[in-house]
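Residue-level listing of the chains:
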Amino acid sequence: MPTLSGSDVRRIAALARLELTDAEVERLTGELAAILDYAAQVQRVDVPADLRIEESTPFEGAPGAPGRLRDDEPMPSLPRAAVLDDAPGANTAAGFFTVPRVLGS
Amino acid sequence: MTTDPPTSATPPLTACEIRAAIASGRSSATQVCRETLDAIARVDPALHAFLHVDREGALARAAELDRNPPSDAPLLGVPVALKDNICTKALPTSAGSRLLEQYRPPYDATVVSRLHAAGAIVIGKTNMDEFAMGSSTEHSAFGPTFNPWARDRVPGGSSGGSAAAVSAGLVPLALGSDTGGSVRQPAALCGVVGIKPTYGRVSRYGLIAFASSLDQISPFARTSEDAALVLRVISGQDACDATTSSAPPIDAGAGDFSTLDGIRVGVPRHLLDGIEDDVRVRFDAALAELAGAGARLVDVELRHAPLAVPVYYLVGNAEASSNLARYDGVRYGFRANADRVADMYYDTRAAFGAEVKRRIMIGTYVLSAGYWDAFYLKAQALRALIRRDYAAAFSAVDVIATPTSPTTAFRIGERLDDPLRMYLSDVFTVPANLAGLPAISFPCGEGTSGLPVGVQLTGRAFEDALLLRVARTIETRSDWFTHRPPVRA
């Protein structure tokens, strides 16, 4: 079982775009170590050779064969104005989402 | 705690009774709606089951139903509460999170459209653990919900507001979502019926995603007949959710509810170590009642079920970390002010609560390079083995009985500092989500503490109706479904 350090927690947090305080890092290091240690028991179980990973799909074999993609045909979607109504800082007149500066200082 | 509000002696009406009273002219949608709103105003301050109540919208809808009653309206004038992760055009949909506190979805979830078409009145939105992550409703950003049976106790979770609202008689029906037991466990802890349908029975379109391969919208009711009624309305294929099945809607309204002759009930006794005494006593009473109705009890083994909780927390949190990546402040919800886009992401996501951050971290870890094989893929393989165990067991039995929860309602605050212990609340409920199977929880009396206990029956895929039939047969033989909590309408 891998042991977890504070720098591991910071690395994972960066992947998830979470900024953690020092107190959060300290607390999560202990909590995640306990949870992952508990979860590591899955690694001790043998998996039969004939097992297919698709068998884990909850709707495998269901009537109507769900999970297939529909034909890619254009059809109406939500009205742009209704969607932009919810968007923080949207430029509704121009019909855009907006974000702060991406490049440069 | 303040003193308990006054309670009435007459039992609240069921959905079937409300529909009949309105259809016959003995009542009206408006009258039922006013009484419901009054009951919520009187009782909910003691429970905090609701986050939003749509007084004006509900009354306007009731008046419209009274003016122009639709011809085929199985839920005519029936007030329904919705967990606040089910999108409603007319009402906020916060998912119990600061990130969506101001969110007004531009569309209704498919279940909401179907409820409307059936004549139901959406009365309000109920409290929940943030993004449905929790087993107690204490992880709501807007404060906990209190259990109507004892207000120092949690109602369970994550759909605790919906469970408490139905238990207290504020509404006859409510919808929640069940990812690892989030409807069945609060149903048990609040003494009501909760049924998670087979995966793919009910559209997830408009349900705010937690773990997409596990989530299923699921109803609460006080009677199995009401649960059957609402399931028939909301189940069935939906073009907006590719995982819905073409199987016809769940029809459990009619049938023989006098006997369980020929029904084989499997009991996995090897899983029952460590349950509370109160739960064991009531579970044994439920088994005796099933046997008394003619069912045959058979020992079964679910070999990999003891691994269901770790498998669930690996698979579920992997999916959660992926689903919650969308909360970046760009398209909807909360946005933190920042000069640069990267800072906006971090500052916006700082608004997640502690439990949500914890789960995103676990999910990101198990999907990260170097750990994906050992954790995520291994958990998926075990998920497949858990499905195989059920397939083998269901060659010998028709349903499998366990307690719904290993304990009765625990005290508010008791497990907040021990996430792993909180996760173990889900030991009996997560296997059905992992296997995609239908499972119902219904009341089987109270323990010595006076708190309700639920029994869970799990069935074969698409045999949802059999679970409702068994529950209704027990309902006709016992008075368990009629027990009411001290805090009630």
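(A) Representation of the overall build of chain B in the model. Of regular secondary structure, chain B possesses 15 helices and 11 strands. Projected onto its principal axes, the C-alpha positions of chain B cover 60 × 55 × 50 Å. When the 489 residues of chain B are sorted by exposure, 64% land in the buried category.

(B) Seen up close, the overall build of chain A. The helix and strand inventory of chain A stands at three helices and zero strands. Each helix (α) and strand (β) of chain A, taken in turn from the N terminus, gives the series α-α-α. For 105 residues, the compact-globule formula gives about 13 Å, and the C-alpha radius of gyration of chain A, at 23 Å, lies well above that figure. Referenced to the eigenvectors of the C-alpha coordinate spread, the extents of chain A come out at roughly 55 × 50 × 25 Å. The burial tally for chain A puts 19% of its 105 residues in the buried class. In chain A, the share of contacts with a sequence separation of at least 24, taken over all contacts with a separation of at least 6, comes to 25%.

(C) Spotlight on the interface of chain B and chain A. In this complex, chain B contributes 57 residues to the contact, which on the side of chain A involves 46 residues. Mapped by element, the contributors of at least two residues to the side of chain B that touches chain A are helix H9 (308-323), helix H10 (341-349), helix H11 (354-367), helix H12 (372-393) and helix H13 (419-423) of chain B. No other element matches the 11 residues that H12(B) contributes to the side of chain B that touches chain A. Across the side of chain B that touches chain A, the residue classes tally to 33 nonpolar, 13 polar and 11 charged.

(D) Just the sheet that holds strand E1 (residues 50-53) of chain B, in detail. All names here are of chain B. Across the sheet, which stays open at both edges, the 11 strands sit in the order E1-E3-E2-E4-E6-E5-E10-E11-E9-E7-E8 with mixed pairing between neighbours. Looking at strand neighbours, the two that pair on one side only are E1 and strand E8 (296-299), the edges of this open sheet. Strand-to-strand, the axes of this sheet are offset by a mean angle of 30°, without reference to chain direction. Pairing of strand E2 (residues 79-83) with strand E3 (residues 121-126), which is carried by five bridges, proceeds in the parallel orientation.

(E) Examining the environment of Asp417(B) more closely. Inspection of the secondary structure assignment puts Asp417(B) in the loop between strand E9 (399-403) and H13. Sequence separation between Asp417(B) and Asp226(B) is 191 residues, and the spatial gap between their C-alpha atoms is 37 Å.

(F) Quick peek at the confidence of the model for chain A. On average, residues of chain A carry a pLDDT of 91, and 97% of them reach 70 or more. Considering each helix and strand of chain A separately, the mean pLDDT is smallest for helix H3 (residues 80-85) of chain A, with a value of 93, and largest for helix H1 (residues 6-15) of chain A, with 96.

(G) How the structure looks around the environment of Val341(B). Tracing the backbone shows Val341(B) in helix H10. Considered as a pair, Val341(B) and Ala39(B) are 302 residues apart in the sequence and their alpha carbons are 47 Å apart. Setting aside residues no more than four positions away along its own chain, Val341(B) makes contact with Val99(A), Pro100(A), Arg101(A) and Val102(A).

(H) Spotlight on the packing of H1(A) against H11(B). Running from N to C, H1(A) and H11(B) cross one another at 95°; their axes reach a closest spacing of 9 Å. What the angle tells us is that H1(A) and H11(B) run roughly perpendicular. Contacts from Ile12(A), Ala13(A) and Leu15(A) of H1(A) reach H11(B) at Met361(B), Thr364(B) and Tyr365(B). The residue inventory of the contact of H1(A) with H11(B), partitioned by class, reads five nonpolar, one polar and no charged.

(I) Just the pairing of strand E10 (residues 439-446) of chain B, in detail. Residue and element names in this part refer to chain B. Extensive coverage of E10 is indicated by the burial of seven of its eight residues. By the bridge criterion, three bridges tie strand E5 (residues 193-196) to E10 in an arrangement that is antiparallel. Its bridge partner being in E10, Lys196 is matched across the sheet by Ala439. As paired strands, E10 and strand E11 (residues 452-459) are joined by six bridges and run antiparallel to one another. Looking across to E11, one finds that Ala439 is bridged to Thr458. What sits between the antiparallel neighbours E10 and E11 is a turn of five residues, in which Gly450 has the positive phi angle 85°.

(J) Expanded view of helix H3 (residues 55-67) of chain B. Residues and elements named next belong to chain B. In this model, H3 (13 residues) spans 18 Å end to end at C-alpha, consistent with the 18 Å of a helix rising 1.5 Å per residue. Within H3, the full set of buried residues consists of Ala58, Arg61, Ala62 and Leu65. The arc that holds every buried residue of H3, seen down its axis, measures 100°, which confines them to one face. Opposite its buried face, H3 presents the exposed residues Glu56 and Arg67, each directed more than 90 degrees away. Considering only its buried residues, H3 is in contact with helix H2 (29-43) and E3.

(K) Molecular detail of the packing of H9(B) against H11(B). Residue and element names in this part refer to chain B. Packing of H9 against H11 brings their axes to within 7 Å, and their N-to-C directions diverge by 100°. As judged from the angle between their axes, H9 and H11 are roughly perpendicular. Residues Tyr313, Leu314, Asn317, Ala318, Ala320 and Ser321 of H9 lie in contact with H11, whose contacting residues are Arg359, Ile360, Ile362, Gly363, Thr364, Val366 and Leu367. Grouping the amino acids of the contact of H9 with H11 by side-chain chemistry returns eight nonpolar, four polar and one charged.

(L) Representation of unusual backbone geometry within the structure. Residue and element names in this part refer to chain B. Going from Gly157 to Ser158, the amide bond is cis rather than trans, its omega being 10°. When you line up the elements, Ser158 lands in the loop between E3 and helix H5 (160-167). Even without a glycine there, the phi angle at Thr137 is positive, about 70°. Its location among the elements puts Thr137 in the loop between E3 and H5.

(M) Expanded view of the pairing of E9(B). All names here are of chain B. Summarising burial for E9: five of the five residues are buried, a large majority. Relative to E9, strand E7 (residues 264-267) is paired through two bridges, and the arrangement is parallel. Counterpart to Gly266 in the pairing with E9 is Ile400. Sheet analysis places E9 next to E11, joined by five bridges and oriented antiparallel. Across the sheet, the residue bridging to Val399 is Gly459, located in E11.

(N) Main features of the confidence of the model for chain B. Counting all residues, the mean pLDDT for chain B is 96, and 98% of those residues have values of 70 or more. Predicted complex metrics record ipTM = 0.94 and pTM = 0.96.

(O) Expanded view of H5(B). Residues and elements named next belong to chain B. Here H5 lies mainly inside the structure; eight of its eight residues are buried. Every buried residue belonging to H5 is among Gly160, Gly161, Ser162, Ala163, Ala164, Ala165, Val166 and Ser167, and all of these are buried. Along its buried surface, H5 packs onto E1, E2, E3, strand E4 (173-177), helix H6 (184-190) and strand E6 (217-221). Looking one or two residues past H5, Gly169 carries a phi angle of roughly 80°, positive in sign.

Rules of the game
- Residues numbered from 1 in each chain as written.
- Chains lettered and ligands numbered in written order.
- Predicted model: local features only at pLDDT ≥ 70, side-chain atom pairs only at ≥ 80, totals over all residues.
- Helix = DSSP H or I, 4+ residues; strand = E, 2+ residues; numbered from the N terminus.
- Buried ≥ 20, exposed ≤ 12 C-beta atoms within 10 Å, placed from the backbone.
- Rg over C-alpha atoms; globule rule 2.2 N^0.38 Å.
- Contact = placed C-beta atoms within 7 Å.
- Nonpolar A, V, L, I, M, F, W, Y, C, P; charged D, E, K, R; others polar.
- Pairing = 2+ DSSP bridges.
- Axes fitted to C-alpha atoms, helices over the stretch in contact; angles between N-to-C directions.
- pLDDT = per-residue confidence, 0-100.
- Parallel < 35°, antiparallel > 145°, perpendicular 65-115°, else oblique.
- Expected span 1.5 Å × (residues − 1).
- Arc of directions from axis to C-beta.

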